[in-house]
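A closer look at the structure
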Amino acid sequence: MRAPLKPLILPDVPPVPVQVYNPARLAALAATALMHTEPAPDLDNLCELAASASGTRRALVVLFDARHAFYKAAVGCGPLTLGQRSFPLHTDACPLLAGTSGPLVAEDTTRDARLAHLPDVRDKRVGAWAGFPLRSADGLVLGGLCVLDEQPHPWTDGQIDTLTGLAGAVSDVIELRRQMHHAHERIDALESSGAAADRLAQTLQDSLLPPVIARPEWLDAAALYLPAGNGSSVVGDFYDLFPTRQPWWCAALGDVSGKGLEAAKVTALARYTVRTEATQHSSPATVLARLNDALVRQRVNDRFLTAVCVMLRPGPDGGVRGLVSLGGHAPALIRRADATVEEAGRPGLLLGIFADAGLHAEQVELAPGDALLLYTDGVTEAHGRSGHAVWGLTALSAVLAGCDGLNAEQTLERITTALSEYAGDHHSDDTALLLLRVPLPAEEKP
Amino acid sequence: MPSQPMSNDPPPLRLSVCAAPPGQVVAVHGALDLNTATHLEHEVVKVCRQQNPPLVIMDMSGVEFCDSSGLSSLVRAWRQIDHDGGALVLIGLHGTCEQLLRRTGLLGRIFPTHPTLAQAQDALARTRR
């Protein structure tokens, strides 16, 4: 079995614009083949031009996928190895450009609500910052050209105009690179189209199982992804947890039928759609219905998706109130503080096949010490070491009931240990788990 | 009775087809999962070529296991039969497969189920009008 993937779930992860995860944007970026590659002289030159035209010490050409911001060109940072050019997405300012229609300009970053949370700002390494979107031929934001100084200072209209023009030039170079790469690929079509598909699949996969997830202060949360025993390279599972309209948070978890690039595309579309729709609608049934519309509209064909979507908000007396909706998905499990386990959510039709999926939202109330578990089929359909007896919902419920006094992370560990003892390496499907637990008042905040 | 032997031992999925007027019975034995899903689809394509429109009774009593890939193959089988203007009904549904169809809302919606073969045959006769 390949190593499980455990995301960090932290309370203070700043929001990343939803457009970052747009599958069309990720595909356009993958097509340039510029992420995590050696510096290119033409881009270095334009970057130097940006620094000298604006009189700043530092200038960067930054590309970002769903996981990393990558310094494709850097001036004023000293020599950087390839590894030193890559940063976690949420620590860099440029991904914010995916959510703005134009430049993002800050005279004093510490006083700018959009940038003040960034580590470089808090550590006083960036005082003045100006970023300009780099766009694909279709207008999708692939990255940013940015200039920065340690000390805060104003930016002139002349500087902004010049840098806007330069960002256009950098975008043109990137488009040229994409066309060159595409031409090369066509020359040896067999090998490299496979490589391109793998690269795109990897890019999409990164957006499905994010390595860092935000959580609200009032929830103890953990997530886990176990790859299938047969080690297929592309997953069909996704999970997500993110704030929507105050004070609501949305948790979603889903599983697309089949494997491979096509499955990953559908799953990427699903996560992006849920992120987008959850800010517009307060019922998880509506969010899943909109996802169903998107899947039906895209004619994803034989692919269908099962998903569970939950909207949560803090309730009275330290509890949490929520709405659960199931689109063809296994019921969520609630473990009460007294060790009883109950199912949550009425069955709804799986998504992507019928125009009307007939979805419902069911209310749930979680008291301190209660936990809500979302999971994909991999966990309940795990085969035993011998034969076809499956682990099943009953076994999962029994293990969950036995998780007395455990926090979210320990509970998921207990479940996966029990699962591996039963199935060994036999489980044939990947498994994603998301556990949301309401902390007890006496507990230290997780 | 034509059957489809599998190369593996023990066979993970066995399919057999026989006539049951006005339709045909496809009896499914074994596991419907990622490894076997395409076998079912191929068999259904063959059945659809033999009868126009195809009236198919799928006997699920021998299904030991069904996961989401197995479910996909059932949906694709339904699509094929529906596309050819036919009808698909299920008998002998139980266990994980029944749970899965119930949970995904497909039971009754695209997969009518009947307790006995005779009742399934009656239902198909009615669809022919």
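Nothing here was measured: the structure is a model prediction, and the numbers come from that model.

**Section: the overall build of chain A**
A count of helices and strands for chain A gives ten helices and 18 strands. Put simply, of all contacts in chain A between residues at least 6 apart along the chain, 70% involve residues at least 24 apart. Carbon and sulfur atoms make up 52% of the accessible area of chain A, which amounts to about 17,900 Å² in all.

**Focus: the overall build of chain B**
For chain B, the count of helices and strands is four helices and six strands. Reading the helices (α) and strands (β) of chain B from amino to carboxyl end gives β-β-β-α-β-α-β-α-β-α. Among the 129 residues that make up chain B, the fraction classed as buried is 53%. For chain B, contacts bridging at least 24 residues in sequence account for 69% of all contacts bridging at least 6. Put simply, chain B shows about 5,900 Å² of open surface, and 50% of that area lies on carbon and sulfur atoms.

**Some details on the sheet that holds strand β11 (residues 249-256) of chain A**
All names here are of chain A. Read across the open sheet, the five strands follow the order β10-β11-β12-β13-β16; overall the sheet is antiparallel. Single-partner strands in this sheet number two, and they are β10 (237-243) and β16 (361-366). Averaged over all adjacent pairs, the angle separating strand axes in this sheet is 15°, with direction ignored. Of the strand pairs in this sheet, strand β12 (residues 305-314) and strand β13 (residues 320-327) are connected by eight bridges, and their pairing is antiparallel. Within the sheet, the bridge partner assigned to A307 lies in β13 and is G327.

**Remarks on the interface of chain B and chain A**
Facing 23 residues of chain B, the contacting portion of chain A comprises 23 residues. Here chain B packs against chain A, burying approximately 1,900 Å² in sum over the two surfaces, 57% of which is carbon and sulfur. In this structure, the connection of chain B to chain A is made through zero salt bridges. Counting every contact that joins chain B to chain A gives two residue pairs in polar contact (both at pLDDT 80 or more). Here the side of chain B that touches chain A takes seven residues from helix α2 (residues 68-83) of chain B, the largest share from any one element. Within the side of chain B that touches chain A, the residues separate by chemical class into ten nonpolar, five polar and eight charged.

**Digging into the nonpolar core**
Core analysis: the biggest nonpolar cluster contains 92 residues, and V28(B), M58(B), M60(B) and L106(B) have the highest contact counts within it. Once residues lying within four places of it in the same chain are set aside, the contact partners of V28(B) are L13(B), R14(B), L15(B), L40(B), M58(B), D59(B), M60(B), G62(B) and V63(B). In this structure, A128(A), A130(A), L166(A) and V173(A) belong to the second largest nonpolar core, which totals 32 residues.

**Some remarks on the layout of surface pockets**
Estimates place the volume of the largest pocket at around 490 Å³. As for the largest pocket, its lining consists of 28 residues, and the residues nearest its centre are P14(A), P15(A), V16(A), Y21(A) and R275(A). Secondary-structure elements contributing two or more residues to the lining of the largest pocket are β8 (212-214), β10 and α6 (260-278) of chain A. Take the lining of the largest pocket: its biggest share by element is four residues, from β10(A). Classifying every residue of the lining of the largest pocket gives 19 nonpolar, five polar and four charged. The volume enclosed by the second largest pocket comes to roughly 390 Å³. In terms of lining residues, the second largest pocket is bounded by 20 residues, among which P331(A), L393(A), Q99(B), L100(B) and R103(B) are the most central. The element that contributes the greatest number of residues to the lining of the second largest pocket is helix α3 (residues 95-103) of chain B, accounting for five residues. Of the residues in the lining of the second largest pocket, the class split is nine nonpolar, seven polar and four charged.

**Topic: the sheet that holds strand β4 (residues 86-88) of chain A**
Residues and elements named next belong to chain A. Here we have six strands laid out as an open sheet, ordered β4-β3-β2-β7-β6-β5, and antiparallel in their pairing. Pairing within the sheet leaves two strands with one partner each, and these edge strands are β4 and β5 (104-106). Averaged over all neighbouring strand pairs, the angle between strand axes comes to 25°, with direction disregarded. For strand β6 (residues 128-135) and strand β7 (residues 141-149), the ladder comprises eight bridges, and the chain directions are antiparallel. Bridged to F132 within β7 is L145.

**Quick look at the confidence of the model for chain B**
All names here are of chain B. Confidence in the prediction for chain B averages 86 pLDDT; 90% of positions are at 70 or higher. Contacts of residues 1-10 to residues separated by more than four positions or lying in other chains number 16 contacts, the stretch itself having pLDDT below 50. Overall fold confidence for the complex sits at a pTM of 0.76, while the interface term, ipTM, reaches 0.76.

**Here we look at the packing of aromatic side chains**
Under the definition given, this model contains two aromatic pairs over all chains. Ring centres of Y71(A) and F87(A) lie 4.6 Å apart, and the angle between their planes is 40°; this geometry places the pair in the tilted category. With Y71(A) in strand β3 (residues 68-75) and F87(A) in strand β4, this pair connects stretches of sequence that are 16 residues apart. For F87(A), a relative accessible area of 27% gives the class partly exposed. Aromatic pair F354(A) and W78(B): ring centres 6.1 Å apart, planes at 50°, arrangement tilted. One end of the pair, F354(A), is in the loop between β15 (341-344) and β16; the other, W78(B), is in helix α2, on a second chain. A relative accessible area of 16% places W78(B) in the buried class. Across from the ring centre of Y21(A), 4.2 Å away, lies the NZ or CZ of R271(A), which sits over that ring.

**Side note on the pairing of strand β2 (residues 58-64) of chain A**
Residues and elements named next belong to chain A. The element β2 is extensively covered by neighbouring structure, given that seven of its seven residues are classed as buried. The two faces of β2 match: R58, L60, V62 and F64 on one face and A59, V61 and L63 on the other face are all buried. Of the pairings in the sheet, the one linking β2 to β3 comprises six bridges and is antiparallel in character. Paired with L63 across the two strands is F70, which belongs to β3. Where β2 folds back onto β3 in an antiparallel hairpin, the turn is made up of three residues.

Rules used in this analysis
- Residues take numbers from 1 onward in each chain, read along the sequence in its written order.
- Just so you know, chain letters begin at A and ligand numbers begin at 1, following the order they were written in.
- Note on the predicted model: pLDDT of at least 70 is required for a residue's local features to be given, and 80 or more for side-chain atom pairs to be given and counted; whole-chain, interface and lining totals, by contrast, use all residues.
- To obtain the side-chain values, all non-hydrogen atoms of the structure were used and water was disregarded.
- Strands here are runs of E lasting at least two residues and helices are runs of H or I lasting at least four, both read from the DSSP assignment and numbered beginning at the N terminus.
- Only heavy atoms enter the contact rule, under which two residues are in contact if any of them lie within 4.5 Å.
- Areas reported here follow the Shrake-Rupley algorithm with a probe of radius 1.4 Å; residue values treat only the protein chains shown as occluding.
- Note on classification: 1.4 Å probe, protein chains only; a residue is buried when its accessible area is under 20% of the maximum for its type, exposed when over 50%, partly exposed between these limits.
- Two strands make a pair as long as DSSP finds a minimum of two bridges between them.
- The axes are straight lines fitted to the C-alpha atoms, using for helices just the contacting stretch, and the angles between their N-to-C directions are given from 0 to 180°.
- When two components associate, each loses some accessible surface as probed by a 1.4 Å sphere; the sum of these losses over both components is called the buried area.
- Salt-bridge detection follows one rule: a side-chain nitrogen of Lys or Arg within 4 Å of a carboxyl oxygen of Asp or Glu.
- Here a polar contact means two N or O atoms within 3.5 Å. Within protein one must be a hydrogen donor candidate and the other an acceptor candidate, and residues neighboring in sequence count only if both atoms are side-chain atoms.
- Ten residues, namely Ala, Val, Leu, Ile, Met, Phe, Trp, Tyr, Cys and Pro, are considered nonpolar, four, namely Asp, Glu, Lys and Arg, are considered charged, and the remaining ones, Gly among them, are considered polar.
- The term nonpolar core refers to a set of buried residues drawn from Ala, Val, Leu, Ile, Met, Phe, Trp, Tyr and Cys, joined through side-chain atoms within 4.5 Å.
- Cavities and pockets are found on a 1 Å grid laid over the protein atoms alone: a cavity is a set of points where a 1.4 Å probe fits but cannot escape, a pocket is an open set with protein on both sides within 12 Å along at least five of seven lines, and a lining residue has an atom within 4 Å of such a point.
- Grid points are joined across faces, edges and corners, and a volume is the space filled by probe spheres set on the points.
- As a per-residue measure, pLDDT reflects the predictor's confidence and takes values from 0 up to 100.
- Between rings of Phe, Tyr and Trp, where Trp is taken as its six-membered ring, a pair exists when centres lie within 6.5 Å; planes separated by under 30 degrees are stacked, by over 60 edge-to-face, and by other angles tilted.
- Remark: a charge is flagged as sitting over a ring if the NZ atom of Lys or the CZ atom of Arg is within 6 Å of the ring centre and within 35 degrees of the ring normal.

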